[in-house]
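Report on the structure
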There are 2 protein chains.
Amino acid sequence: MKDLLTTLENRRTIREFTDERIDEKTIQTILDALMHSPTSNGLQQASIIRITDEEKKKQIAEVGNQEYIARVPELFIFIADHYRNFRLIRDFGRNYDTTSNVDIFVQGLNDAVILATNMVSIVESMDLGAFFIGSIMNDTEKMIEILDLPKLTFPVVGVGFGHPNQSPQMKPKMPKELRVFENTYTHFEDYKETFHDYDEEMTTYYDLRDANRRVDSFSDQVYKKTLNSLEKRNKFLEVARKNSYKL
Amino acid sequence: MKDLLTTLENRRTIREFTDERIDEKTIQTILDALMHSPTSNGLQQASIIRITDEEKKKQIAEVGNQEYIARVPELFIFIADHYRNFRLIRDFGRNYDTTSNVDIFVQGLNDAVILATNMVSIVESMDLGAFFIGSIMNDTEKMIEILDLPKLTFPVVGVGFGHPNQSPQMKPKMPKELRVFENTYTHFEDYKETFHDYDEEMTTYYDLRDANRRVDSFSDQVYKKTLNSLEKRNKFLEVARKNSYKL
């Protein structure tokens, strides 16, 4: 197993996998370790749903609009979970109106992302390949239906992994000088100029998702991807309110 | 350097550190590796602010109401950062009204948490000790002021680390049977009964933060901690709107 520094320094998202299964003992070891992840306020306000049902995988792939999700050997969805704590409070006979505000909601989102991040880091350290799934947010209402989620829970992010069957180039990431600052936020004079080299580097990167063609510069991507933000994804808070969160 | 499975299996939050500094090369190696972290939609919508100014550390400790923050050798704040992409779009002469909706905002929150999680996992794998800081959310307006954050940025979480000067007990975490489900959400009949053993286990754990006294059962903690959620923390969305997010 590689250490996490080496893992990150060489990491690339993997979306195609061999048929080889991961043995059950390894899966359970990963899940046991994940339970020790840091958690907001110690409250463990996130849960994990493992998807083994092929029909559900297909449905989730449709929500995400990414067909490779349906084919991934291992698929996990991470949810903010305040239902468990709500029930713990209620079943002990107390006032239970304390688990649904913005603060608590965001703690749950963060807990889910912490678990997902550690899962990706662990499996990549094992030389398995993984991808993050943010696209389950395309339709959170549908995800609630697919997973039969109770009130006071919310889908946040997914992770798929398996034995890699592709070897993509490393995607160029911004140098840290553009993202790490000291004591206060660093404003650059001219972002076009400052980001010129990174923009150039990105245009020479080939993304295997798109038939080995070159990708746009980073600036172009930022513009196009944020422009295409789906209306349904912006119903996020509305769906959470429907699911009993007071936001 | 330990692997991440071993690290997590033995992890405990560390809040007290020796005076020994961490050499600058190690810090930069960690930051370089972090730049390869997964990021929502490839958009890298988070930045890191390293706090080296002692006065600022004190101010942040006051916001968090945790005096040990002021004494930690290394302190980093992770922010959602859409200002950079907003400027990239604008400086290329395009319409820039695409970087401020709920979807994009949450992508930035997630990116910040991914970076923070990997930082904690890396430093703990190096046998350094670390703590997460969720309490910067106590007063996001004040954090924006301290860090001189521009519009379209938002403080999310902090991480402090150094050489450990304490050796706390491992805090009991929920067994995975209570948090990991298959295909759909698992509802338990009676949460009081189901969580009985974990509740018991928690009451025999001593938290070094509180002078070695036993802590409450998990159910008690859930009730008290969610009840005490601060009004200011719930101004989260309001402050983000003030900082130009359309939420």
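Cut-offs used in this document
Residues numbered from 1 in each chain as written. Chains lettered and ligands numbered in written order. Predicted model: local features only at pLDDT ≥ 70, side-chain atom pairs only at ≥ 80, totals over all residues. Heavy atoms only, no water. Helix = DSSP H or I, 4+ residues; strand = E, 2+ residues; numbered from the N terminus. Rg over C-alpha atoms; globule rule 2.2 N^0.38 Å. Buried < 20%, exposed > 50% of the residue type's maximum accessible area, 1.4 Å probe, protein only. Areas by Shrake-Rupley, 256 points an atom, 1.4 Å probe, with all protein chains shown as cover. Lys, Arg positive; Asp, Glu negative; His and termini not counted. Charge placed at Lys NZ, Arg CZ, Asp CG, Glu CD. Contact = heavy atoms within 4.5 Å. Buried area = accessible area lost by both parts, 1.4 Å probe. Salt bridge = Lys/Arg side-chain N within 4 Å of Asp/Glu carboxyl O. Polar contact = N/O pair within 3.5 Å; in protein donor to acceptor, adjacent residues only side chain to side chain. Pairing = 2+ DSSP bridges. Axes fitted to C-alpha atoms, helices over the stretch in contact; angles between N-to-C directions. pLDDT = per-residue confidence, 0-100. Least-squares fit on C-alpha atoms with pLDDT ≥ 70 in both. Phe/Tyr/Trp six-rings, centres within 6.5 Å; stacked < 30°, edge-to-face > 60°.

**Re the overall build of chain A**
In terms of helices and strands, chain A carries 10 helices and 5 strands. For 247 residues, the compact-globule estimate of 2.2 N^0.38 gives 18 Å, and the C-alpha radius of gyration of chain A, at 20 Å, lies within 12% of that figure. Dimensions of chain A along its principal axes, counting C-alpha atoms only, are 60 × 50 × 35 Å. Burial statistics for chain A: of 247 residues in total, 61% are counted as buried. When the accessible surface of chain A is totalled, it reaches about 9,700 Å², and 44% of it is carbon and sulfur. Of the side chains in chain A, 33 bear a positive and 40 a negative charge, and the two mean positions are spaced by 4 Å.

**Some points on the interface of chain A and chain B**
Chain A puts 107 residues into the contact, and the matching count from chain B is 107 residues. Carbon and sulfur atoms supply 63% of the area that chain A and chain B bury against each other, a total of about 10,100 Å² over both sides. Taken as a group, Arg179, Asn183 and Tyr185 of chain A account for 8% of the area that chain A buries against chain B, more than any other trio of residues on that side. At the boundary of chain A with chain B, the tally comes to 6 salt bridges. Here Arg94 of chain B makes a salt bridge to Asp220 of chain A, at a shortest N to O gap of 2.5 Å.

**Quick look at the environment of Glu16 of chain A**
Residues and elements named next belong to chain A. With respect to the helices, strands and loops of the structure, Glu16 is situated in the loop between α1 (4-9) and α2 (24-34). The spacing of Glu16 and Phe131 is 115 residues in sequence and 9.6 Å in space, taken between C-alpha atoms. At 2.7 Å, the side chain of Glu16 and the side chain of Arg71 are in polar contact.

**Quick look at the sheet that holds strand β4 (residues 153-162) of chain B**
Here we have 5 strands laid out as an open sheet, ordered β5(A)-β1(B)-β2(B)-β4(B)-β3(B), and mixed in their pairing. The strands lining the two open edges of the sheet, one partner per strand, are β5 (180-182) of chain A together with β3 (129-133) of chain B. Within this sheet the neighbouring strands show an average axis-to-axis angle of 25°, counted without direction.

**Examining the pattern of salt bridges**
Residues and elements named next belong to chain A. A full pass over the atoms with the stated rule returns 38 salt bridges over all chains. In this structure, the salt-bridge partner of Arg87 is Asp91, at a minimum N-O distance of 3.0 Å. Taken together, the residues Arg87 and Asp91, both in helix α4 (residues 83-91) and 4 residues apart, mark about one turn of the helix. Look at the salt bridges and you will find they share partners, linking Arg21, Glu24, Arg50 and Glu74 into a network.

**Things to note about the sheet that holds strand β1 (residues 46-51) of chain A**
Here 5 strands make up an open sheet; going across it, the order is β3(A)-β4(A)-β2(A)-β1(A)-β5(B) and the pairing mixed. Each edge of the open sheet carries a strand with a single partner, namely β3 (129-133) of chain A together with β5 (180-182) of chain B. Put simply, the sheet's adjacent strands are angled 25° from each other on average, direction ignored. By the bridge criterion, 6 bridges tie β1 of chain A to strand β2 (residues 74-81) of chain A in an arrangement that is antiparallel. By the bridge assignment for β2 of chain A, Ala46 of chain A is matched with Ala80 of chain A.

**What to know about α4 of chain A**
Counting buried residues along α4 of chain A, 8 of its 9 residues qualify, which places the element largely inside the surrounding structure. Residues of α4 of chain A that are buried sit in contact with β1, β2 and β4 (153-162) of chain A together with β5, α7 (191-194) and α9 (218-227) of chain B. Phi turns positive one or two residues past the end of α4 of chain A, at Gly93 of chain A, with a value near 75°.

**Remarks on the confidence of the model for chain A**
Of all residues in chain A, 97% have pLDDT values of 70 or greater, and the mean over the chain is 93. Among the scores for the predicted complex, ipTM is 0.97 and pTM is 0.97.

**Overview of the relation of the copies chain A and chain B**
Mapping chain A onto chain B leaves a residual RMSD of 0.0 Å; the transformation is a rotation of 180° accompanied by 0.0 Å of translation along its axis. Those values place the two copies in the arrangement expected of a two-fold rotation axis. Every residue of chain A has its C-alpha some distance from the rotation axis, and the shortest such distance is that of Asp3 of chain A, at 2.4 Å. Of all interface residues in chain A, 100% are interface residues in chain B too; the two copies therefore contact each other through one and the same surface.

**Some thoughts on the pairing of β2 of chain A**
Residue and element names in this part refer to chain A. Counting buried residues along β2, 8 of its 8 residues qualify, which places the element largely inside the surrounding structure. Here β2 shows a buried face lined by Glu74, Phe76, Phe78 and Ala80 and a second buried face lined by Leu75, Ile77, Ile79 and Asp81. In this structure, β2 lies alongside β4, joined through 8 bridges in antiparallel fashion. Note on β4: the bridge partner recorded for Ile77 is Gly158.

**Details of the packing of aromatic side chains**
What the rule picks out here adds up to 32 aromatic pairs over all chains. An angle of 90° between the planes, with centres 5.1 Å apart, marks the rings of Tyr68 of chain A and Phe131 of chain A as edge-to-face. With a gap of 63 residues between them, Tyr68 of chain A in the loop between α3 (54-64) and β2 and Phe131 of chain A in strand β3 connect regions that are remote in the sequence. Taken as a pair, Tyr68 of chain A and Phe131 of chain A share a single burial class, namely buried. Arranged with centres 5.9 Å apart and planes meeting at 85°, the rings of Tyr185 of chain A and Tyr83 of chain B form a pair that is edge-to-face. Of the two residues, Tyr185 of chain A is situated in the loop between β5 and α7 (191-194) and Tyr83 of chain B in helix α4 (residues 83-91); the pairing between them involves two chains. Take Tyr185 of chain A: its relative accessible area is 4%, and that puts it in the buried class.

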